[in-house]
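Fold and geometry: a report
This is what each chain is made of:
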Amino acid sequence: SQTIHQWPATLVQPVGSPLSLECTVEGTSNPNLYWYRQAAGRGLQLLFYSVGIGQISSEVPQNLSASRPQDRQFILSSKKLLLSDSGFYLCAWSGGQLVPEAFFGQGTRLTVV
Amino acid sequence: SQQGEEDPQALSIQEGENATMNCSYKTSINNLQWYRQNSGRGLVHLILIRSNEREKHSGRLRVTLDTSKKSSSLLITASRAADTASYFCATDASTNAGKSTFGDGTTLTVKP
């Protein structure tokens, strides 16, 4: 069966520090991968999605970047965090158009101080 | 901009009652999905309904889709305290296939 791992669960980082959140998927190949951010009490904002290795689409201009160095690995990064980067980050995968259901990791609560 | 918008924003009911949540969207879609999120956790996929379907069932869940009104509803029958969570609809637009857009959700509280 397929599983998705996202870590860490919580993170407190100072302003100006770098960020690296990692997400890996097991049990499937060539998944579509997504990074979302969720503000408190709100829905999910799509940040990045990827349909293959090295193929990243950015949905909103921001202080963040994403990379997909391997088929089932998706990394969210920042060189210098801002206070406004605080939030709940969720990684997800889907099978694309034919299997559009998304399966989510447990999320990372990021607090920038 | 949000494609799907849920209504109501919050819903509080007694255990055993039915809960109905609605979702409206703006553009043509390939499918619509409903997800559940417990506080501070990831989302769990509940049910997917495709644009050529009108109704689907899964256990105590019933989803309807009216493409002419661009709306969907999620009905949870015989609710339980464990159903307390936030529920989100997500739409997969015809012009944006593979990228679901989420609404802000309905927070459901089921009182024992």
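Sequence order as written defines the numbering, with residues in each chain counted from 1. Key to labels: chains lettered from A, ligands numbered from 1, both in the order written. Totals for whole chains, interfaces and linings use every residue, but because this is a predicted model, local features are given only for residues with pLDDT of at least 70 and side-chain atom pairs only at 80 or more, for both listing and counting. Side-chain calculation: all heavy atoms of the structure are included, whereas hydrogens and water are not.

This part covers the interface of chain B and chain A. Here, two residues are considered to be in contact whenever any of their heavy atoms come within 4.5 Å of each other. Listed by partner, the interface residues are 21 residues for chain B and 22 residues for chain A. Note on definitions: buried area is the accessible-area loss of two parts on being combined, 1.4 Å probe, summed for both. It is Leu43, Lys99 and Phe102 of chain B that lose the most area in chain B upon contact with chain A, and together they represent 28% of the buried surface on that side. Salt bridges are defined by distance alone: a side-chain nitrogen of Lys or Arg within 4 Å of a carboxyl oxygen of Asp or Glu. At the boundary of chain B with chain A, the tally comes to one salt bridge. Arg42 of chain A is the partner of Asp104 of chain B in a salt bridge, and the nearest nitrogen-oxygen pair spans 2.9 Å. Think of a polar contact as two N or O atoms within 3.5 Å of one another; within protein, one of them needs to be a possible hydrogen donor and the other a possible acceptor, and neighboring residues in sequence only count if both atoms come from side chains. Taken together, the links from chain B to chain A amount to five residue pairs in polar contact (both at pLDDT 80 or more). Per the convention used, a helix needs a DSSP run of H or I reaching at least four residues, while a strand needs a run of E reaching at least two, with both numbered from the N terminus. Where the side of chain B that touches chain A is concerned, the elements lending two or more residues are strand 4 (29-37), strand 5 (43-50), strand 9 (85-93) and strand 10 (100-102) of chain B. Amino acids are sorted into nonpolar (Ala, Val, Leu, Ile, Met, Phe, Trp, Tyr, Cys and Pro), charged (Asp, Glu, Lys and Arg) and polar (every other residue, Gly among them). When its residues are assigned to classes, the side of chain B that touches chain A shows six nonpolar, 10 polar and five charged.

So, on to the sheet that holds strand 3 (residues 19-26) of chain A. Residue and element names in this part refer to chain A. Here a strand pair is declared whenever DSSP counts at least two bridges between the two strands. Read across the open sheet, the four strands follow the order 1-3-8-7; overall the sheet is antiparallel. With partners counted over all chains shown, the strands left at the sheet margins are strand 1 (3-7) and strand 7 (65-70), one partner each. On average, each strand axis in the sheet is tilted by 20° relative to the strand beside it, whichever way the strands run. Relative to strand 3, strand 1 runs antiparallel, the two being bridged by five bridges. Of the residues in strand 3, the one forming a bridge with Trp7 is Glu22. Working convention: axes come from line fits to C-alpha atoms, limited for helices to the stretch in contact. Angles between N-to-C directions cover 0 to 180 degrees.

Residues and elements named next belong to chain A. For the purposes of this analysis, a disulfide is any pair of cysteine sulfur atoms at a distance within 2.5 Å. Counted according to the given criterion, the structure contains two disulfides over all chains. Covalent S-S linkage joins Cys23 and Cys91, the inter-sulfur distance amounting to 2.0 Å. Because the torsion about its S-S bond is -75°, the bridge between Cys23 and Cys91 counts as left-handed. Pair noted here: Cys23 is in strand 3 and Cys91 is in strand 9 (residues 87-94), with a separation of 68 residues, a long-range link. For the pair formed by Cys23 and Cys91, the shared burial category is buried. Exposed residues in this analysis have more than 50% of their type's maximum accessible area, buried residues have under 20%, and partly exposed residues fall in between, with area computed by a 1.4 Å probe over protein chains only.

The next subject is the sheet that holds strand 1 (residues 5-7) of chain B. Residue and element names in this part refer to chain B. Across the sheet, which stays open at both edges, the five strands sit in the order 1-3-8-7-6 with antiparallel pairing between neighbours. Sheet topology places strand 1 and strand 6 (55-58) at the edges, where each strand pairs with a single neighbour. Pairs of neighbouring strands in the sheet enclose a mean axial angle of 20°, with direction left out of account. Strand direction decides the pairing type here: strand 3 (residues 19-24) and strand 8 (residues 71-76), joined by six bridges, are antiparallel. Looking at strand 8, one finds that Asn22 is bridged to Ser73.

This part is about the packing of aromatic side chains. The criterion for an aromatic pair is that two Phe, Tyr or Trp rings (for Trp, the six-membered ring) have centres within 6.5 Å, with stacked assigned to planes under 30 degrees apart, edge-to-face to planes over 60 apart and tilted to the rest. Taken as a whole and judged by the stated rule, the model has nine aromatic pairs over all chains. With 6.0 Å between their ring centres and 80° between their planes, Phe104 of chain A and Phe102 of chain B make a pair best called edge-to-face. With Phe104 of chain A in strand 10 (residues 102-104) and Phe102 of chain B in strand 10, this pair bridges two chains. On the accessibility criterion, Phe104 of chain A (8% relative accessible area) is buried. Linked through ring pairs, Tyr34, Tyr36, Tyr49 and Phe104 of chain A together with Tyr35 and Phe102 of chain B together constitute an aromatic cluster.

A word on the pairing of strand 5 (residues 44-52) of chain A. Side-chain direction in a regular strand flips from residue to residue, so the side chains alternate between the two faces of the sheet. Residue and element names in this part refer to chain A. Of all nine residues in strand 5, seven are buried, a share of seventy percent or more. Where strand 4 (residues 32-38) and strand 5 come together, six bridges link them in antiparallel fashion. Looking across to strand 5, one finds that Gln38 is bridged to Leu44. Across three bridges, strand 5 lies against strand 6 (residues 55-58) in antiparallel orientation. Bridging from a neighbouring strand, Phe48 pairs with Ser58 of strand 6. Between strand 5 and strand 6, which pair antiparallel one after the other, the connecting turn spans two residues, and Gly54 there sits at a positive phi close to 75°.

Residues and elements named next belong to chain A. In this fold, Ile53 is placed in the loop between strand 5 and strand 6. For the pair Ile53 and Val99, spaced 46 residues apart in the sequence, the C-alpha separation amounts to 19 Å. In contact with Ile53, not counting residues within four places along its chain, are Arg68, Pro69, Gln70 and Asp71.

Geometric descriptors of this kind do not, in isolation, establish any biological role.
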